[in-house]
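These are the residues of each chain, in order.
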Amino acid sequence: DVSSPKHGKVDPDNMPHVGGNMWAGGTGGRDTAGLGGKGGPYRLDAGHRVYQVSQAEKDAVPEEVKRAAREMAEKAFKQRLKEIQMSEHDASTYERFSGAVRRQVQSLRVILDNLQ
């Protein structure tokens, strides 16, 4: 069961973590920032293979936990904008321009990775 969203502990060795309720950047778990899990406050990619929980499990997360996760994500987003000295308007403008060329940038990254 999910209880309350949190960032989670950071693994200094960046080992892959699957499931559970402890590690930031893990996959398929609960309550912590990561990928493929349920009840976490925001997505956090540590570069590992993603294990996905079912949509039914995600849908079963209580509304108060979803609300707390959204609030925590919004707070983290605003803090990050402050750290990089960017306003919400700047972020919106950046996202608009970035979104327009996202596919092309991804294609270029693939090409450059293959050349390396």
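Since the structure is predicted, the reported quantities are computational estimates derived from the model, not experimental observations. (Residues numbered from 1 in each chain as written. Predicted model: local features only at pLDDT ≥ 70, side-chain atom pairs only at ≥ 80, totals over all residues. Heavy atoms only, no water.)

## Remarks on the domain arrangement of the protein
Once the domains are mapped, the protein shows domain 1 (1–85) and domain 2 (87–115). A straight line from the C-alpha centre of domain 1 to that of domain 2 covers 24 Å. (Domains from an automatic or database assignment.)

## A few points about a nonpolar patch on the surface
Together, L108, I111, L112 and L115 line one region of the surface with nonpolar side chains, adding up to about 420 Å² of accessible area. With respect to the helices, strands and loops of the structure, L115 is situated in helix α3 (residues 88–115). Residue classification places L115 among the exposed positions, given a relative accessible area of 68%. (Patch = residues over 30% accessible without salt bridge, like charges linked within 9 Å, V, L, I, M, F, W, Y side chains within 5 Å. Areas by Shrake-Rupley, 256 points an atom, 1.4 Å probe, with all protein chains shown as cover. Salt bridge = Lys/Arg side-chain N within 4 Å of Asp/Glu carboxyl O. Helix = DSSP H or I, 4+ residues; strand = E, 2+ residues; numbered from the N terminus. Buried < 20%, exposed > 50% of the residue type's maximum accessible area, 1.4 Å probe, protein only.)

## Digging into the layout of surface pockets
Any empty space left between the atoms is revealed when a probe the size of a water molecule rolls over them. Reported here for the largest pocket is a volume of approximately 380 Å³. Lining the largest pocket we find 28 residues, and of these G34, G37, K38, G39 and G40 sit closest to its centre. Of all elements in the fold, only β1 (26–27), β2 (34–35) and α2 (63–83) reach the threshold of two or more residues within the lining of the largest pocket. Broken down by class, the residue content of the lining of the largest pocket amounts to seven nonpolar, 15 polar and six charged. By volume, the second largest pocket is sized at about 280 Å³. What lines the second largest pocket is a set of 14 residues, and nearest its centre among them are A76, F77, R80, L81 and I84. Secondary structure elements with two or more residues in the lining of the second largest pocket: α2 and α3. When residues of the lining of the second largest pocket are assigned to their parent elements, the largest contribution, five residues, is made by α3. Grouping the amino acids of the lining of the second largest pocket by side-chain chemistry returns nine nonpolar, two polar and three charged. Of the residues that make up the lining of the second largest pocket, three or more belong to each of domain 1 (1–85) and domain 2 (87–115). (1 Å grid on protein atoms, 1.4 Å probe; cavity = no way out; pocket = protein on both sides within 12 Å on 5 of 7 lines; lining within 4 Å. Points joined across faces, edges and corners; volume = space filled by probe spheres on them. Nonpolar A, V, L, I, M, F, W, Y, C, P; charged D, E, K, R; others polar.)

## Quick notes on the packing of aromatic side chains
With the rule as written, the count across this model stands at zero aromatic pairs. Over the ring of F97 we find R96, and its NZ or CZ is 4.9 Å from the ring centre. (Phe/Tyr/Trp six-rings, centres within 6.5 Å; stacked < 30°, edge-to-face > 60°. Lys NZ or Arg CZ within 6 Å of the ring centre and 35° of its normal.)

## With respect to α2
End to end, α2 covers 30 Å across 21 residues, agreeing with the expected 30 Å (1.5 Å per residue, within 8%). Of all the positions in α2, only V65, A69 and L81 are classed as buried. Burial along α2 is one-sided: seen end-on, the buried residues are contained in an arc of 140°. Turned more than 90 degrees away from the buried face of α2, the exposed residues are E64, E71, K75 and K82. Positive phi shows up at Q85, right after α2, with a value of about 55°. (Expected span 1.5 Å × (residues − 1). Arc of directions from axis to C-beta.)

## Points about the confidence of the model for the protein
Atom-level detail of predicted coordinates should not be read off regions where pLDDT is low. In the predicted model, the protein carries a mean pLDDT of 95, and 100% of its residues have values of at least 70. For the protein, helix α1 (residues 55–59) is the element with the lowest average pLDDT, namely 94, and α3 is the one with the highest, namely 97. (pLDDT = per-residue confidence, 0-100.)

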